[in-house]
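Reading the structure
Here is how the chains run, residue by residue.
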2 protein chains.
Amino acid sequence: MIAIDFDKSGGLVPAIAQDADTGEVLMLAWMNREAYEETLRTSRACYFSRSRNRLWRKGEESGNVQEVQAVYIDCDADTILLKVRQIGGAACHEGYRSCFFRQVQGDALQVVGERVFDPKQVYKK
Amino acid sequence: MIAIDFDKSGGLVPAIAQDADTGEVLMLAWMNREAYEETLRTSRACYFSRSRNRLWRKGEESGNVQEVQAVYIDCDADTILLKVRQIGGAACHEGYRSCFFRQVQGDALQVVGERVFDPKQVYKK
């Protein structure tokens, strides 16, 4: 297994998910060793949720899983880049294709992303 | 100024730099509030170096600065995405266009990135 430096940040390293086809950056989440190994084994993105303090199999609730097509490691071996196929077309729990759907413009944030689904319908909350 | 949640991760949030033209993910670094505000003010990427424990004006040594063309914030307001023009063509201190120049292939890492410069020549070390 590849030597990722999980210790540098207290067991968690950032993992970027990028759309394999369009190059759009979809989201950033965190992985511990277990999440990383499961991601490699299953070719589905598995993160570690800091808020829930447990493994987070992306799409476990919404069905919008990420099929992992390639995995890259940065020069310091402390950041992971996944190229993924985003099932359902939206990575963000707010229903946007990308979590980075807001652009900083002066002192304001402008929504520039494309909304794919209504989160109320998907999460039934 | 936009309310980024710098407190969540002890004052630092991850910042992804993406090539504005090609969409290639170039690197991930960290920003504190001061680095973020300088980046917005100057439109040049300024990070916070965890190893040197000080502001890191990207390219201050190599000349390979990053001209910031757009700034995005994720849904949780705890990750920043920069679209940049990478001067010198290489973001990585090892001379590759992207810091993610190695791909995980089974139990091995394969160099898949393009080397743009020889770090020995640029950093004179």
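In this report, the structure presented in the accompanying data block is examined.

Cut-offs applied
Residues numbered from 1 in each chain as written. Chains lettered and ligands numbered in written order. Predicted model: local features only at pLDDT ≥ 70, side-chain atom pairs only at ≥ 80, totals over all residues. Heavy atoms only, no water. Salt bridge = Lys/Arg side-chain N within 4 Å of Asp/Glu carboxyl O. Helix = DSSP H or I, 4+ residues; strand = E, 2+ residues; numbered from the N terminus. Buried < 20%, exposed > 50% of the residue type's maximum accessible area, 1.4 Å probe, protein only. Least-squares fit on C-alpha atoms with pLDDT ≥ 70 in both. Contact = heavy atoms within 4.5 Å.

**Looking at the pattern of salt bridges**
Residue and element names in this part refer to chain A.
- Applying the stated criterion across every chain, the model contains 13 salt bridges over all chains.
- A salt bridge links Arg97 to Glu24; the nearest nitrogen and oxygen atoms lie 3.0 Å apart. With Arg97 in the loop between β6 (80–86) and β7 (102–105) and Glu24 in the loop between β1 (13–19) and β2 (25–31), this pair connects stretches of sequence that are 73 residues apart.
- Ionic pairing is found between Arg85 and Glu67, a salt bridge with its closest N-O pair at 3.0 Å. Linking Arg85 in strand β6 with Glu67 in strand β5 (residues 66–73), this pair joins segments that are 18 residues apart in sequence.
- For Arg85, a relative accessible area of 43% puts it in the partly exposed group.
- With a relative accessible area of 28%, Glu67 lands in the partly exposed category.
- Bridged by salt links that share partners, the residues Asp19, Glu24 and Arg97 form one connected network.

**Observations regarding the relation of the copies chain B and chain A**
- Overlaying chain B on chain A yields an RMSD of 0.0 Å, the required transformation being a rotation through 180° with an accompanying axial translation of 0.0 Å. What we have between these two chains is a two-fold relation. Across chain B, the smallest distance between a C-alpha and the rotation axis is recorded for B:Gly23, namely 2.7 Å.
- Mapped onto chain A, 100% of the interface residues of chain B again fall at the interface, so both copies present the same surface.

By themselves, these observations are geometric and do not establish any function.
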